[in-house]
Amino acid sequence: MKLRFLAYSLVSLLLLLALAGCGSSDPVNPVTTVSLSGFAHDGVQNRDFPLVWTDTSYEALPRLDTTCHGYGTGVGAFGTSVYVSGTSPRCYGTTENGDPELIVGAPVLWTDGQQTVLPTPNSNILQAVADGIAVSSSGDVVVVGAVSDTGIGIDYPTPAYWKNSVLTLLTTPPVCGTVTTDCYRGAIATGATVQNNNVYVVGYVGYTDAGGAKYLVPGLWTNGAFTALPIDSQNSLYADGNFKVTVSGSDVYVFGSLMGDNDYPAYWKNGQLTVVRD
């Protein structure tokens, strides 16, 4: 069946530079491989499906349920292997316009195109997403995202990461308590890095204030310990929904954006906020 690509979105980019031992004898012009993950739209089935691009060629990744959507959200590599994080939901029933009536999400990891469903607290109820991936210099694969399962008391999205497919649920602030006077509404991890066996995970935490307004605060988990990163609330700037992290020497950098009347790029160096304005 011929696919009609109506739209696509590239949600992650990895530039892999191999300076030695990877088939290039020219140190001035090393071999460069560009890999991207994302999704495309099948206009025949009216479904999105996950993809990974390597240089100019692409590969459609398998889904748990071909009647449902699927998304690639991040990409990493180690040696000759390419790892893609994403979400491969199951769909149940259809609405009048042909959309899925119920979508139950499952976090997945594709290794060289082979799909693995990542574990959740309750394997019978898959309500989870994988939003990003990091691969360490020693080959450890860390996928980040969130799980939500009211059947076992996880009423809000709880941030999580999978290191080599082993699930760790991250600690979050009290529902309404000491970290903030407002009420916690869940959190999602969106980025990670691994340095010297330390796992750094970033994401956003949702709150609702006394007036019912919802807003997001960026958070950093270092080996599971949570730190709320500052926002510019005086200027009504709150967190956007996508954050990444990197480590350089002893410095930890988180980067993303803050939004309000205008949106601004922002970064945190060792927890100190800098808002980039024109």
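Residues numbered from 1 in each chain as written. Predicted model: local features only at pLDDT ≥ 70, side-chain atom pairs only at ≥ 80, totals over all residues. Heavy atoms only, no water.

What follows is about the sheet that holds strand β15 (residues 183-195). The strands making up a sheet are joined through hydrogen bonds of the backbone, oriented either antiparallel or parallel. Spatially, β15-β16-β17-β18 is the arrangement adopted by the four strands of the open sheet, whose pairing is antiparallel. A strand with exactly one partner marks an edge of an open sheet, and here the two such strands are β15 and β18 (225-228). Put simply, the sheet's adjacent strands are angled 25° from each other on average, direction ignored. The pairing of β15 with strand β16 (residues 198-208) spans ten bridges and is classified as antiparallel. By the bridge assignment for β16, Gly191 is matched with Val202. (Pairing = 2+ DSSP bridges. Helix = DSSP H or I, 4+ residues; strand = E, 2+ residues; numbered from the N terminus. Axes fitted to C-alpha atoms, helices over the stretch in contact; angles between N-to-C directions.)

This next bit is on a nonpolar patch on the surface. A cluster of nonpolar residues, Phe255, Tyr267 and Val276, forms a patch on the protein surface that exposes about 260 Å² of accessible area. Checked against the element boundaries, Phe255 lands in strand β21 (residues 251-259). When its relative accessible area of 40% is taken as the criterion, Phe255 is described as partly exposed. (Patch = residues over 30% accessible without salt bridge, like charges linked within 9 Å, V, L, I, M, F, W, Y side chains within 5 Å. Areas by Shrake-Rupley, 256 points an atom, 1.4 Å probe, with all protein chains shown as cover. Salt bridge = Lys/Arg side-chain N within 4 Å of Asp/Glu carboxyl O. Buried < 20%, exposed > 50% of the residue type's maximum accessible area, 1.4 Å probe, protein only.)

This part is about the side chain of Thr158. Mapped onto the elements, Thr158 comes out in strand β13 (residues 154-163). Judged by relative accessible area, Thr158 falls into the buried class, the value being 14%. Apart from residues lying up to four places away in sequence, Thr158 is in contact with Gly145, Ala146, Val147, Leu169, Leu170 and Ala187. (Contact = heavy atoms within 4.5 Å.)

A word on the packing of aromatic side chains. Evaluated as defined, the whole model comprises two aromatic pairs. Between Trp221 and Phe226, the aromatic rings sit 5.1 Å apart at their centres with planes inclined by 50°, giving tilted as the arrangement. A centroid spacing of 5.8 Å and a plane angle of 65° characterise the contact between Phe243 and Trp268, whose relative ring orientation is edge-to-face. Of this pair, Phe243 sits in the loop between β19 (238-239) and β20 (244-248) while Trp268 sits in strand β22 (residues 263-269), and the two are 25 residues apart along the sequence. A single burial state applies to Phe243 and to Trp268, both of which are buried. (Phe/Tyr/Trp six-rings, centres within 6.5 Å; stacked < 30°, edge-to-face > 60°.)

For the rest of this paragraph, the subject is the side chain of Thr87. Relative to the helices and strands, Thr87 resides in strand β6 (residues 81-87). Given the relative accessible area of 9%, Thr87 is considered buried. Polar side-chain contacts of Thr87 include one of 3.3 Å to the backbone nitrogen of Ala130. Beyond its immediate stretch of four places on either side in the chain, Thr87 contacts Gly70, Tyr71, Gly105, Ala106, Val108, Trp110, Ala128, Val129 and Ala130. (Polar contact = N/O pair within 3.5 Å; in protein donor to acceptor, adjacent residues only side chain to side chain.)

Okay, the environment of Leu220 next. Looking at the secondary structure, you find Leu220 in strand β17 (residues 214-222). Overall, Leu220 belongs to the buried group, its relative accessible area being 11%. Put simply, Leu220 and Tyr200 are 20 residues apart on the chain and 7.1 Å apart in space, counted from C-alpha to C-alpha. If we skip the residues at most four places from it in the chain, Leu220 touches Tyr200, Val201, Val202, Ala225, Phe226, Thr227, Leu229, Val245, Val252 and Val254.

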